[in-house]
Amino acid sequence: MTRPLCRGLFGGTSFTNGAHNGHVLSNPIGLTRTPKGLASLFLKVGLLLTFLTLMGSLYWSISISLSISASQNHISQMQHRQLREQLIGDLLDIGQISLHSGRSGMFEFCSPDYENYVPCYHNITEILEAEELGLTLEFERDCAKATKIDCLILPPKNYRIPLRWPRGRDVIWKENVKITGQDFSSGSLTKRMMVEEEQISFKSDSLMVDGIEDYSHQIAEMICLRNESNFNEAGIRAVLDIGCGYGSFGAHLFFKDVITMCVANYEASGSQVQLTLERGIPAMIGSFTKRQLPIPFLSFDMVHCAFCGIDWDKDDGLLLVEVDRLLRPGGYFVYTSPTNTHKSLRDRENQKKWELIREYTEKLCWEMLSQQDETVVWKKPTEKKCYSSRKESLAVCGKGHDFELPYYQPLNPCKAGTRSQRWIPLEIRRPWPPQAQLNSAELEMHGVHPDDFSDDAHSWHLAVQNYWSLLSPLVFSDHPKRPGDEDPHPPYNMLRNVLDMNAKFGGFNNALLEAGKSVWVMNAVTTIGENYLPLIFYRGFIGVQHNWCEAFPTYPRTYDMVHASGFLSLKHRCSTLDIFSEVDRILRPEGWIILHDKAPLIEAVRSITILLKWDARMVDVDSNSDEKLLVCQKPFFRKPQLW
C-alpha cells in the first residue's frame, strides 16, 4: 500500500506515488529515513517518558500503601498485596521493554548474503561453501548455535509485492523466491511449474500425470467418497502435507473447505516452504525425521505424502509412529510413491521396503483401505481394543511419556493420545464451519468455561470490525488499490498470510473468517502461556507452539500481517527488541503489525518501532479502557545499486 500512516513524532517520510516499488537506499550501510541525531533525540524522549511513567506509578503505589493504614476497613491487606504485585509486575514489564529498546541508533541493513536467512537452520558460511562446491546440505534445527544478527534483512533486488489472492495462488514473481537453474533441471520442479521471464505459473498443476484435480478425486474414491468436495462432509478439515512440493494439493483443497499445512525441511534454494507460502498456502519449516513437531497429538484428519522423500521403512517405523500421533482416530495416511507400483515391487529392494512398511502399519493397527497405482491409503482405527488384543501391536505410551504438546522432543516409539478425552472418531465430528463453534461439553474437555469462550468470540468480532473501520483507507479495504491497478473484485484483499503471535482460543482467526476475509492464520501458542493449541486444532484451524526467544520456522518475507494481543504482558526471557526484529524478518515489505496490550506497555514498546524503521501510530481502544493499539507498517526498502 502506498498511503502513509499518520507519523507525528514517529519519524519517517511519506511514501511517494511510486512507493509500492520501494524506498531506494543510497548506500550499502543503510541510511535511515530520519537523521541519526533526530532518532536519538526521539529515543531519549521516549525513555524519559517511560522513566516518568515508572516514577508516577511508583508514587501511586506508595500512596496506596500509605492509605492502607488509614483505611483498613476499605481494603484488605490481601487485596493490597495483589494490587501491589500486579503493579510491580507491570512496572517490571515496562522497565524490561524500555531497557531492551535502549539502543544507541537504528538498525542498519544486512548484506545480500542474508536475503533468505533463517536462524536455527541457516549457516551462511556453510551454504556459500556448498554452493561453490556444488554440494547439497541437509539442515537440522539448532537454535543453540543460531547466529544473532543486528540488522534488517532487505528483499531481493527485483522483489515485487505478491499478487492479490486468488491470482497469487497460481502466479508468483520469480525474483521473490530463491530458485536456481539447478533446481529447475533437477527433475522435481521442472514438471511442476511453468517459468516465464518474470513469473512462475502453477496453472498446469502437473504434479501428477493426470493433474492435481484428478489426483484429489482419486484419493476421495479410495476412501469411499464421491469426490474431494465430500472431504469436509466426511470430517476431513485439517491436512498435514509432508514435503508438499509447491503446495498445489493444498491450493486445490482450499476451495473445498479443507486447510492444509505444509511441512518440509529447510532448503537453501528451491524451497518447498518458501514457494508454498509465496502462493498464500500455509507452510512451515520442519524436519519430520528427527523430532516431534510442536503440534498436539490427535490434530489432523489426514496426513499426505506424495514423493516426499521420506523412507518410512527406516528406524523401526518410528516415523510412522509420529504420523499416528498426529492423526485423529479414523484419520487417513495417504502415501504416493513410484516404488508402490506393482512393477516397482518386482525389484527385490523395493519389495523389502514395502514389506517393512506393511509390518509397521499392522503394528499400529492401521487398515489398508486401497491401493491404486502409486497411491496407498491407510486408516487409523477408531477403537482402542486392537492395541491390547493384537500381540504385535505397538505399546501405548505411559503417562510420563504421553505428552499432549511436545516442543521439538525426540521421536517417541509408542502410541500417544489414547488416554485423551479428544479421542473422538472422525466420522462423528461436525463438518466445517459449524466445527469451529464448540458446545459446552467440548469446551469443558479443553478446560474452558463457555462464558469465557463466548466473551472472547464477541470481543474479537468487535475488534475485527474496529480494525477494518480504523484502517480501511490504508490496507483493510475490501477494494484495495494501488496506482495504476484495476479495481479488484470483493471480497478479496491484500492480506492473505496472517500470523497471530498469542492466539489463545483462535478467536481472531474465527472472527476474520466470519467477516468473509480470504485469509489463513498461523495460530502461535507461546511456550510460556496457556496451552490452547489442542482447542485451536479441534476448531478446524491450524497453528504451532513456539518459543518467541527463538526464530520462527519460516523464511523472510512470509506474512502480510502479524498480530499480537496480550503478548507484551507475558514474561519473555529474552529481549523485546530481539523478538520484534524477528517479526521484521518474517514480515513482507508493506506488511502490517497490530499490537494490542496495556497502555504503558504499548507506550514503552513504541520506541522499538523507531529502531526498526517501522511507520507507527498509537490508537485508543476506547475511552474507558486502559489498553491501546499500536499499528505499524514495514516500509518497502530497496537495495542500493552498489549491491
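Residues numbered from 1 in each chain as written. Predicted model: local features only at pLDDT ≥ 70, side-chain atom pairs only at ≥ 80, totals over all residues. Heavy atoms only, no water.

Is there a simple way to explain the overall build of the chain in this structure?
On a plain count of helices and strands, the chain comes out with 17 helices and 21 strands. Pairs at least 24 residues apart make up 72% of the contacts formed inside the chain by residues separated by at least 6 positions. For the chain, the computed accessible surface area is about 28,100 Å², with 51% contributed by carbon and sulfur atoms. (Helix = DSSP H or I, 4+ residues; strand = E, 2+ residues; numbered from the N terminus. Contact = heavy atoms within 4.5 Å. Areas by Shrake-Rupley, 256 points an atom, 1.4 Å probe, with all protein chains shown as cover.)

Please explain the state of the cysteines as it appears in this structure.
In protein structure, a disulfide is the covalent linkage between the sulfur atoms of two cysteines. Taken as a whole and assessed by the stated rule, the structure comprises seven disulfides. At a sulfur-sulfur separation of 2.0 Å, the disulfide partner of Cys-110 is Cys-151. When the S-S torsion is 100°, as for the bridge of Cys-110 with Cys-151, the disulfide is right-handed. With a gap of 41 residues between them, Cys-110 in the loop between β2 (108-109) and α3 (124-133) and Cys-151 in strand β3 (residues 151-152) connect regions that are remote in the sequence. Residue Cys-110 is classed as buried on the basis of its relative accessible area, which comes to 3%. Accessibility expressed as a relative area gives 17% for Cys-151, which makes it buried. Put simply, Cys-365 and Cys-386 are joined by a disulfide, and their sulfur atoms are 1.9 Å apart. Here the S-S torsion is close to -85°, and the disulfide linking Cys-365 with Cys-386 is therefore left-handed. Of this pair, Cys-365 sits in the loop between α10 (348-363) and β12 (367-372) while Cys-386 sits in helix α11 (residues 385-389), placing them 21 residues apart in sequence. For the pair formed by Cys-365 and Cys-386, the shared burial category is buried. (Disulfide = S-S within 2.5 Å. Buried < 20%, exposed > 50% of the residue type's maximum accessible area, 1.4 Å probe, protein only.)

What should I look at first to understand the nonpolar core in this one?
Counting residues in hydrophobic clusters, the biggest one holds 99 residues, and the most contacted among them are Trp-312, Phe-333, Leu-499 and Phe-580. Ranked by residues supplied to this core, first place goes to helix α9 (residues 318-326) with six residues. When residues no more than four places from it in sequence are discounted, the contact partners of Trp-312 are Ile-242, Phe-288, Cys-305, Gly-317, Leu-319, Leu-320, Val-323, Phe-333, Tyr-335, Ile-357 and Tyr-360. With 19 residues, the next largest nonpolar core counts Ile-219, Phe-231, Leu-253 and Tyr-332 among its residues. (Core = buried A, V, L, I, M, F, W, Y, C linked by side-chain atoms within 4.5 Å.)

I tried to follow α9 on my own but got confused; where do I start?
Think of an α-helix as turning once every 3.6 residues; residues three or four places apart then point the same way. Within α9, nine of the nine residues are buried, leaving the element largely enclosed by the surrounding structure. Of all the positions in α9, only Leu-318, Leu-319, Leu-320, Val-321, Glu-322, Val-323, Asp-324, Arg-325 and Leu-326 are classed as buried. Looking at the buried side of α9, the elements it contacts are β7 (238-242), β10 (300-306), β11 (327-336) and α10.

Help me understand the environment of Glu-322, please; the structure alone is not making it clear to me.
Looking at where Glu-322 falls in the secondary structure, it is placed in helix α9. Given a relative accessible area of 3%, Glu-322 falls into the buried group. With 31 residues separating them along the chain, Glu-322 and Arg-291 place their C-alpha atoms 9.0 Å apart. Beyond its immediate chain neighbours, meaning those up to four positions away, Glu-322 contacts Phe-288, Gln-292, Leu-293 and Leu-411.

Sorry, what's going on with the packing of aromatic side chains here?
We describe a pair of aromatic rings using the distance from one ring centre to the other and the angle between the two ring planes. One pass over the full model with this rule turns up 30 aromatic pairs. Look at Tyr-387 and Trp-423: their rings are 6.3 Å apart centre to centre, the planes differ by 85°, and that puts the pair in the edge-to-face class. Linking Tyr-387 in helix α11 with Trp-423 in the loop between α11 and α12 (440-445), this pair joins segments that are 36 residues apart in sequence. We note that Tyr-387, like Trp-423, is buried. A centroid spacing of 6.1 Å and a plane angle of 90° characterise the contact between Trp-548 and Phe-567, whose relative ring orientation is edge-to-face. In this pair, Trp-548 sits in the loop between β16 (542-546) and β17 (559-565) while Phe-567 sits in the loop between β17 and α16 (576-586), placing the two residues 19 residues apart along the sequence. No difference in accessibility class separates Trp-548 from Phe-567, as the two residues are buried. Here the aromatic cluster, defined as three or more aromatic residues joined through ring pairs, consists of Phe-288, Trp-312, Phe-333, Tyr-335, Trp-354, Trp-366 and Trp-378. Of note, Arg-160 hangs over the ring of Trp-173, and the distance from its end group to the ring centre comes to 3.5 Å. Across from the ring centre of Phe-254, 4.2 Å away, lies the NZ or CZ of Arg-496, which sits over that ring. (Phe/Tyr/Trp six-rings, centres within 6.5 Å; stacked < 30°, edge-to-face > 60°. Lys NZ or Arg CZ within 6 Å of the ring centre and 35° of its normal.)

Got a minute to help me understand the side chain of Asp-324 in this structure?
With respect to the secondary-structure elements, Asp-324 resides in helix α9. Discounting chain neighbours no more than four positions away, the residues touching Asp-324 are Leu-364, Trp-366, Lys-380 and Lys-415.

Any chance you could explain the pairing of strand β19 (residues 615-620) here in plain terms?
Along any regular strand the residues' side chains alternate between the sheet's two faces. Note that β19 and strand β20 (residues 627-633) share six bridges and pair antiparallel. Paired with Ala-616 across the two strands is Cys-632, which belongs to β20. The loop that links β19 with its antiparallel partner β20 comprises six residues. (Pairing = 2+ DSSP bridges.)

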